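Listed here are the chains, written in short residue letters.
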Amino acid sequence: MPRPRRLIAALAATGLALGGIVGSVLLTAPPASALANGLALTPPMGFNNWNSTQCRADFNESMVKGIADIFVARGLKAAGYQYVNLDDCWAETTRDSSGHLVPSHTRFPHGIKAVADYVHSKGLKLGIYTSAGTHTCNKAGFPGGLGHEQTDANTFASWGVDYLKYDNCNNQNVDAVKRYTAMRDALKKTGRPIVYSICEWGKNKPWNWAPNVGNLWRTTGDISPNWTRMLSIINANSSHASVAGPGHWNDPDMLEIGNGSLSNAEQVTHFSLWAEMAAPLLIGTDLRKASQHTFDILSNRDVIAIDQDSLGKQGVIISSSGGLVVFTKQLANGDRAVALFNETGGTRTISTTAAKAGLKSASSYTLKDLWSKATRTTSGAISASVPSHGTVIFRVSAN
Ligand code: GLA
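Residues numbered from 1 in each chain as written. Predicted model: local features only at pLDDT ≥ 70, side-chain atom pairs only at ≥ 80, totals over all residues. Heavy atoms only, no water.

The next point concerns the state of the cysteines. With the rule as written, the count across this model stands at two disulfides. Described in terms of the sequence order of its bonded cysteines, the disulfide pattern of the protein is 1-2, 3-4. Left without a disulfide partner, cysteine 199 is nearest to the cysteine sulfur of cysteine 137, which lies 7.0 Å away. For cysteine 199, a relative accessible area of 2% gives the class buried. (Disulfide = S-S within 2.5 Å. Buried < 20%, exposed > 50% of the residue type's maximum accessible area, 1.4 Å probe, protein only.)

Rendered as structure tokens:
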């Protein structure tokens, strides 16, 4: 049927040769045609319950409403956070007699539409989750969307859902491009603008095809709140920078700031590098219990501005040696965001130059440290002492 053929036609229309070289071409050149639903022109910002509650009973209507309230009361909405997203376990385990998904009677006694209405009344948006398989990932056996794409897309649209995360469990080995394209087309048919988040864990090289299918796609398996896992995700996600752009983003998974065993330096690295990589910023901690320190990290407007820059470039690594890594990210006004990242076990000085970071030639440059807020002027050297596992991120402007 036409779907795979349509993808091939779309690739051919970009002027790219088909076959073995498509992958490598797409790794070095952004796709000429991306999903044109007009959404997620900057990386989505919001909240998702999974990293804090998983499937526990405290994932329920009162949590979701509470998060929306906190977005407003604690300035997160003003800082750009918008989507309040439900993950797995929101449904009953069986569809109703006409084949529709049913919200859990215990977690969401008033249904999802009531929650969406509440979230919308705060000027925010609601996201939901299902899987491109027969069932979602949780072993309780919640129904998935495979073969039910239009019914489920229509249900989500009728509830006022604004964002769908579409997972990969129980996929029956059906071709991934086919499965994710089917839901893309179903969402489009609803006529409702719904951000489309592909969650196939980087299994089928989504960086080669997902820019035409979804607004964002996971590049890796699940994050967990520890250094080793975060580091491996940074390494994997940073290699796909060229395919990211307005409306189509690499997704290194949701934030773990405020969770688990991440040190302060590691949390600063997490937020700085997610911004440097133009990643979705989906808060994964239960904000009802979060410390002021967690709010302070998540609310750093200077770092958020790097993530949300309208040019939509993902930062790239310009040097990496002995665990000392330098990223640069091109920004709309000609500035660069330069991140100096120290993977090692001790404090290190990391250095680069304005020229290497891609700035135009100038007699001097202003460096703003986006965490300490200190500014200084340099004739070109960019250097800082960076704590173990930490990141110093500068906004660099040519004078
Ligand atoms: C998968 C996804 C996670 C989360 C869980 C829910 O593991 O990758 O992000 O949605 O399923 O079961």
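Considering all chains together, one arrives at 15 salt bridges under this definition. In this structure, lysine 165 engages aspartate 87 in a salt bridge whose closest nitrogen and oxygen atoms are separated by 2.7 Å. Of this pair, lysine 165 sits in strand E4 (residues 163-167) while aspartate 87 sits in the loop between strand E2 (83-85) and helix H6 (111-121); the two residues are 78 residues apart in sequence, bridging distant segments of the chain. Considered together, lysine 165 and aspartate 87 belong to a single accessibility category, that of buried residues. Across the pair aspartate 185 and arginine 184 runs a salt bridge whose closest N-O atoms are separated by 3.0 Å. Assigned by exposure class, aspartate 185 and arginine 184 land together as buried. Through salt bridges with shared partners, a single network forms among Arg218, Asp222 and Asp253. (Salt bridge = Lys/Arg side-chain N within 4 Å of Asp/Glu carboxyl O. Helix = DSSP H or I, 4+ residues; strand = E, 2+ residues; numbered from the N terminus.)

Attention now goes to the pairing of strand E11 (residues 336-342). In terms of burial, E11 is largely enclosed, as seven of its seven residues are buried. Across the two faces of E11 the burial is the same, with Arg336, Val338, Leu340 and Asn342 and Ala337, Ala339 and Phe341 all buried. Pairing geometry for strand E10 (residues 324-330) and E11, over seven bridges, is antiparallel. Each bridged residue has a counterpart across the sheet, and for valine 325 the counterpart in E11 is phenylalanine 341. The hairpin turn running from E10 into E11, its antiparallel successor, is five residues long, and glycine 334 in that turn takes a positive phi close to 95°. Pairing geometry for E11 and strand E16 (residues 391-398), over six bridges, is antiparallel. What sits directly across from arginine 336, in E16, is valine 396. (Pairing = 2+ DSSP bridges.)

What follows is about the domain arrangement of the protein. The assigned domain composition of the protein is domain 1 (5-25 + 315-398) and domain 2 (31-307). A straight line from the C-alpha centre of domain 1 to that of domain 2 covers 26 Å. Domain 1 puts 26 residues into the contact, and the matching count from domain 2 is 31 residues. Taking both partners together, domain 1 and domain 2 bury about 2400 Å²; carbon and sulfur atoms supply 63% of that area. Joining domain 1 to domain 2, the criterion identifies two salt bridges. Two residues, lysine 373 and aspartate 302, come together in a salt bridge whose shortest N-O distance is 2.6 Å. Of the residues forming the side of domain 1 that touches domain 2, the biggest block, four residues, is contributed by E11. Of the residues assigned to the side of domain 1 that touches domain 2, the class counts are 12 nonpolar, eight polar and six charged. (Domains from an automatic or database assignment. Contact = heavy atoms within 4.5 Å. Buried area = accessible area lost by both parts, 1.4 Å probe. Nonpolar A, V, L, I, M, F, W, Y, C, P; charged D, E, K, R; others polar.)

Within the fold, glutamate 256 resides in the loop between strand E7 (249-251) and helix H10 (264-276). Overall, glutamate 256 belongs to the buried group, its relative accessible area being 3%. For the pair glutamate 256 and histidine 270, spaced 14 residues apart in the sequence, the C-alpha separation amounts to 8.0 Å. Apart from the residues within four sequence positions on either side, glutamate 256 is in contact with Asn51, Ile223, Ser224, Pro225, Leu262 and His270. A polar contact of 2.8 Å, which involves the side chain of glutamate 256, links it to the side chain of asparagine 259. (Polar contact = N/O pair within 3.5 Å; in protein donor to acceptor, adjacent residues only side chain to side chain.)

Pairing is antiparallel in the open sheet, where six strands are placed in the order E9-E10-E11-E16-E13-E14. A strand with exactly one partner marks an edge of an open sheet, and here the two such strands are strand E9 (316-321) and strand E14 (375-378). Put simply, the sheet's adjacent strands are angled 25° from each other on average, direction ignored. (Axes fitted to C-alpha atoms, helices over the stretch in contact; angles between N-to-C directions.)

A separate point is the side chain of histidine 270. Inspection of the secondary structure assignment puts histidine 270 in helix H10. Excluding anything up to four places from it in sequence, histidine 270 contacts Ile223, Met230, Met254, Leu255, Glu256, Ile257 and Leu262.

In the vicinity of the ligand, the residues found are Trp50, Asp87, Asp88, Tyr129, Cys137, Lys165, Asp167, Cys199, Trp201, Arg218 and Asp222. Aspartate 222 places a polar side-chain atom, nitrogen or oxygen, 2.5 Å from an oxygen atom of the ligand. Class assignment for the residues of the shell around the ligand results in five nonpolar, no polar and six charged. (Near = heavy atom within 4 Å.)

In this section: unusual backbone geometry. Not every positive phi belongs to a glycine, and asparagine 170 is a case in point at roughly 55°. Inspection of the secondary structure puts asparagine 170 in the loop between E4 and helix H8 (176-190). Judged by its relative accessible area of 35%, asparagine 170 falls in the partly exposed class. Positive phi, normally seen in glycine, also occurs at lysine 205, with a value near 45°. On the secondary structure map, lysine 205 appears in the loop between strand E5 (195-198) and strand E6 (216-218).

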